[in-house]
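In case you want the letters, here they are:
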Amino acid sequence: QVQLVESGGGLVQAGGSLRLSCVASGNIFSINTMGWYRQAPGNQRELVATITGGDTTNYAGSVKGRFTISRDNARNTVYLQMNSLKPEDTAVYYCNIRLSLPDGRTYWGQGTQVTVSL
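For every chain, the first residue of its written sequence is number 1, and the numbers climb from 1 along that sequence. In keeping with the predicted nature of the model, local features appear solely for residues at pLDDT of at least 70, side-chain atom pairs appear and are counted solely at 80 or more, and the whole-chain, interface and lining totals rest on all residues. The basis for the side-chain values is all heavy atoms of the structure; hydrogens and waters are excluded.

Undergrad: I'd like a rundown of the sheet that holds strand 7 (residues 67-72), residues and numbers included.
TA: With antiparallel pairing, the four strands of this open sheet are ordered in space as 1-3-8-7. The outermost strands of the open sheet, each flanked by one partner alone, are strand 1 (2-7) and strand 7. Adjacent strand axes in the sheet meet at a mean angle of 15° when their direction is disregarded. In this sheet, strand 8 (residues 77-82) lies alongside strand 7 in antiparallel orientation, the contact comprising six bridges. When the bridges of strand 8 are listed, S70 appears paired with Y79. Pairing between two strands is assigned when DSSP locates at least 2 bridges connecting them. Think of it this way: any DSSP run of H or I at least four residues long counts as a helix, any run of E at least two long counts as a strand, and we number them from the N terminus. Each axis is a line fitted through C-alpha atoms, and for a helix only the stretch in contact is used; angles between axes span 0 to 180 degrees, taken between their N-to-C directions.

Structure follows, in structure tokens:
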């Protein structure tokens, strides 16, 4: 089994910064894609950013230029540096990983709350 543990969420004023971390542990041979998603109340879960094993990144348009995703393969950890935060970034942020083939399974973290106040 695989477990994901997120940390780094909290309350911050608009314009501030937060750094989220997600550590994967358990029966892991190799991780393909790692990513962050978020879900605000009343909304569907949406992609924030992903990073492949080759360090190719993909961002939602709403966070491009403000958020940076990175990974540490030796530690099975993915980070999300969030700068210039806006109230509309308020959501529960979820870590997601997809294991490399032949496994290919995906796993989700439990979520961490990010609240941005005016």
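Undergrad: Which residues make up the packing of aromatic side chains, and what values go with them?
TA: Ring pairs shown here join Phe, Tyr and Trp side chains whose ring centres sit within 6.5 Å, with only the six-membered ring taken for Trp; geometry is labelled stacked below 30 degrees between planes, edge-to-face above 60, and tilted in between. Under the defined criterion, the tally for this structure stands at one aromatic pair. Arranged with centres 5.0 Å apart and planes meeting at 65°, the rings of Y37 and W108 form a pair that is edge-to-face. On the criterion of sequence distance, the pair formed by Y37 in strand 4 (residues 31-39) and W108 in strand 10 (residues 106-108) is long-range, its members being 71 residues apart. Cation over ring: R45 sits above Y94, and NZ or CZ is 3.7 Å from the ring centre. The side chain of R45 reaches across the aromatic face of W108, ending 4.6 Å from its centre. We count a charge as sitting over a ring when the NZ of a lysine or the CZ of an arginine lies within 6 Å of the ring centre and within 35 degrees of the ring normal.

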